[in-house]
Amino acid sequence: MNIFRTLHRSILILFAVVVISIITLVHFSMTKIVAEQSRAHQASLSPAVRLVVEQVIEPLHVAETLSQSQELINIVRDSAVSENVNETQIFSTLSRLEREFDMGFFVALEKQKKQFNSDGTTLELVEGEVSWYFKYRDRPELSVGDIGKWEDTHFFIDIKIFSEKGEFLGFFGVAQSLEKFIDVFKQHKAKYGHDFIFVDPEGTIMLSSAPALNASQSKFNKLQDLSWYQALLAESSEPIDETTTRPIDINNQLITVNEEDVLIAQVNLDLFDWTLLLMSPLEEQQTEISRGFIFSVISVLAVIFILFLIIYNLLFYFRKDLQSDAIVLPYCKMPSDETIKYIIDAKSYSDDAYIALIQLNDLYQKPLTAECIPALSSVGTKVSEFLIESLDKFSTEGYLGKVNESQWLILLQNTNADKASLFMENVRHGLATIQSECEKQQAMLKFSTCKVKLENDDNFVSAILRLKPALDNIDTAKTTAPPIDF
């Protein structure tokens, strides 16, 4: 009985260990997934921010810094004094700056209404023909970004220059080829998958990594014309101001573009009063997160598999011990009734279960002597072999146990009264056959059988006590005691 209790306790402990392990590993797996998602998102944003700084913010700072240099200030202020300017000096300065910074530069002078470019070209600033100069001259911004030079589209950063008295003298700025921007964005997208959209306060797309969204021949595209943005406007819970076209807050919004999930990061570029929309496809991040999740699941399954291997080996170990202890007599190897005791006491029997007793009346409660041991060995072996064979042929689950040298217990499960009675009739018939053989050998075999149906509140002791009336009615003086069923 102690072996069964130890086995049961070990199974419960190992089951608890398995459950705790699963909960712990799932917790750490979810934590790892969240951390991996955050890390992947941050890792994907860092190159994009660096690219914006290199291609937009850094040229602006270069232009602002150079606009404060005394050399450029003198050139612009000298132009305000006289109609004639030293063009050689202007081109020399601009070309030198281009070589040093690998950027195009220009100066647009107010008094002369003329623009000088670092590539040696000039442009007459005629109102009605050149729109950018007059558009931005009268606006309050000190620095602006614009797209122009449509025959070879460029991105311009314009810095206003003033006299000591605060009078507007002209612009100094940086000119970058739009084709260069597109190439840089294309390389970045091939590596990281990001798309960029730069939008001004009017919702005009100033720059984009998608060539189709960039301006062409002075025709700009509007953010409001994009289908996914219109869908976001329709779904937005914020009140929409119909009088302005400034982009709404769509930071961390998930959209679908070309049947692909895309996450939007929105950044305000206050230097130009622009809005940057950084669009990150989630497929690659989802793949990385899925790999992390799969690794965690495999870890969980591996731990569970190892624990169940331990359980299996422990069960095998206890089973061997149980089988070893079950041998009660050297001449009759049969399990004891411990298994039946455990099943009944643990309430593990089915609703339709019967317990049966087979008893050799001659040897019941008689002391073992040298004279009776040979007969006991022969008869007991025959009875045990017969009962084992009968139980194997029985169609339902059953257990057989030896109480002592002259008594056997049988537990029949998942059966009914008719089947149980039929089984007992077969047992009696078989014992009668054994009895006939014994009579041929001038030996008398007297036996009794009885059975009772197990109730829900039965334990082993109560079941045996319910068998006691049958035992008390056995008349051991008779050759064959009548069978009694309860």
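Everything below is about the structure printed above this text.
Worth saying up front: this structure is predicted, and the values here are computed from it rather than measured.

Undergrad: Before we go on, may I ask you to explain the overall build of the protein in this structure?
TA: Counting its secondary structure elements, the protein contains 11 helices and 16 strands. Taking all 486 residues of the protein together, the buried fraction comes to 44%. Pairs at least 24 apart in sequence give 60% of the contacts found in the protein among residues at least 6 apart. Of the accessible surface of the protein, which amounts to about 26600 Å², a share of 55% is contributed by carbon and sulfur atoms.

Undergrad: Honestly, the pattern of salt bridges in this entry has me stumped. Any pointers?
TA: When charged atoms on two side chains of opposite charge get close, those side chains can pair. This model, assessed by the stated rule, comprises 14 salt bridges. Taking the shortest distance from any N to any O, the salt bridge between Arg96 and Glu71 comes out at 2.6 Å. Of this pair, Arg96 sits in helix α3 (residues 87–101) while Glu71 sits in helix α2 (residues 70–81), placing them 25 residues apart in sequence. With its nearest N and O atoms 3.1 Å apart, the salt bridge here joins Glu141 to Arg139.

Undergrad: Would you take a moment to explain the sheet that holds strand β7 (residues 195–199) for this structure?
TA: Whenever strands of a sheet pair, they do so through backbone hydrogen bonds, lying parallel or antiparallel. The five strands are arranged β8-β7-β11-β10-β9 in an open sheet whose pairing can be described as antiparallel. Bordering the open sheet on either side are β8 (205–208) and β9 (254–257), each of which pairs with just one other strand. Shown here is a sheet whose adjacent strand axes are inclined to one another by a mean of 30°, direction ignored. The sheet strands contacting helix α5 (residues 178–192) are β7 and β8, and the helix crosses β7 at an angle near 140°.

Undergrad: Where do I start with the packing of aromatic side chains in this structure?
TA: Note on aromatic pairs: each is described by the distance of the centres and the angle between the planes. Inspection of every chain in the model, using the stated rule, returns 14 aromatic pairs. Aromatic pair Phe106 and Trp132: ring centres 5.9 Å apart, planes at 80°, arrangement edge-to-face. Of this pair, Phe106 sits in strand β1 (residues 104–109) while Trp132 sits in helix α4 (residues 131–137), placing them 26 residues apart in sequence. According to the relative accessible area criterion, Phe106 is buried, its value standing at 0%. Overall, the relative accessible area of 15% leaves Trp132 in the buried class. Among the aromatic residues, ring-to-ring pairing joins Phe106, Trp132, Tyr133, Phe134, Phe156, Phe162, Phe168 and Phe171 into one connected group.

About the cut-offs
Each chain carries its own residue numbering, running from 1 in the direction its sequence is written. With pLDDT at 70 or above as the cut-off, local features in this predicted model cover only qualifying residues; side-chain atom pairs require 80 or more to be listed or tallied, and sums for whole chains, interfaces and linings still use all residues. Note that the side-chain values use all heavy atoms of the structure and ignore hydrogens as well as water. Under the scheme used here, helices are H or I runs from DSSP no shorter than 4 residues and strands are E runs no shorter than 2 residues, and both carry numbers assigned from the N terminus. For each residue, the accessible area found with a 1.4 Å probe, counting protein chains only, is set against the maximum for its type, and the residue is called buried under 20%, exposed over 50%, and partly exposed in between. Note on contacts: a residue pair qualifies if any of its non-hydrogen atoms lie within 4.5 Å across the two residues. Per-residue and other accessible areas were derived by the Shrake-Rupley procedure at a 1.4 Å probe size, with only the shown protein chains allowed to occlude residues. Here, a salt bridge means any Lys or Arg side-chain nitrogen found within 4 Å of an Asp or Glu carboxyl oxygen. Paired strands are those between which DSSP finds at least two bridges. Simply put, an axis is a line fit to the C-alpha atoms, just over the touching stretch for a helix, and the angle between two N-to-C directions goes from 0 to 180 degrees. What counts as a ring pair is set by centres within 6.5 Å for rings of Phe, Tyr and Trp (its six-membered ring), and what kind of pair is set by the plane angle: stacked under 30 degrees, edge-to-face over 60, tilted for all other angles.

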